[in-house]
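# Structure assessment
This is what each chain is made of:
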Amino acid sequence: MFSTKSGPATLSARIASSVSQYISFLDAGTAEAIADLYAPDATLEDPVGNEPRRGRDDIRSFYSKISSSGIAAELITMRVSGNSAAFHFRVTTTTADQVITIEPIDVMTFDNDGLITSMRAFWSPIDVHRSRCDECP
């Protein structure tokens, strides 16, 4: 699809960039950097079924629990349509004695500036895989 500077193709590019930044910030960023990807009044439901968090401060608090905790994140696949993206990614957390892996599917909506207005993470405890690690750092 071809469009003008403010049209759908540009929004799709901004959304794809925001998702890539999100994965990058999960991998090596801070809660502040991740929260800045969200619109001020955004919602976050992680996992789906939990009470949604509302606003950047609440979202920052959520991510502060996971940032700087030995996380590696990688994007597996992403689809962008309209003002939304769905993507499958892998998060691996290494502790002193185990490796924890989860592959959620997140669905996000975005405003015209590419800021996240809502995020819903699809996963459950049965999707969390743990393995012993004899040589973990």
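Residues numbered from 1 in each chain as written. Predicted model: local features only at pLDDT ≥ 70, side-chain atom pairs only at ≥ 80, totals over all residues. Heavy atoms only, no water.

### Some points on helix 3 (residues 55-64)
Listing the buried residues of helix 3 in full gives G55, I59, F62 and Y63. All buried residues of helix 3 lie within an arc of 100° about the axis, which places them on one face of the element. (Buried < 20%, exposed > 50% of the residue type's maximum accessible area, 1.4 Å probe, protein only. Helix = DSSP H or I, 4+ residues; strand = E, 2+ residues; numbered from the N terminus. Arc of directions from axis to C-beta.)

### Examining the pattern of salt bridges
With the rule as written, the count across this model stands at seven salt bridges. The partner of E45 in a salt bridge is R120, with the nearest N and O atoms 3.0 Å apart. A residue pair is termed long-range when its members are at least 10 positions apart, and E45 in strand 1 (residues 38-45) and R120 in strand 7 (residues 116-122) qualify at 75 residues. For R120, a relative accessible area of 35% corresponds to the partly exposed category. Salt bridges sharing partners connect three or more residues here, namely E32, D57 and R60. (Salt bridge = Lys/Arg side-chain N within 4 Å of Asp/Glu carboxyl O.)

### Structural notes on unusual backbone geometry
Cis geometry marks the peptide bond from D46 to P47, where omega comes out at -5°. Here P47 shows up in the loop between strand 1 and strand 2 (53-54).

Note that every value here comes from positions in space, so none of it alone points to a role or purpose.
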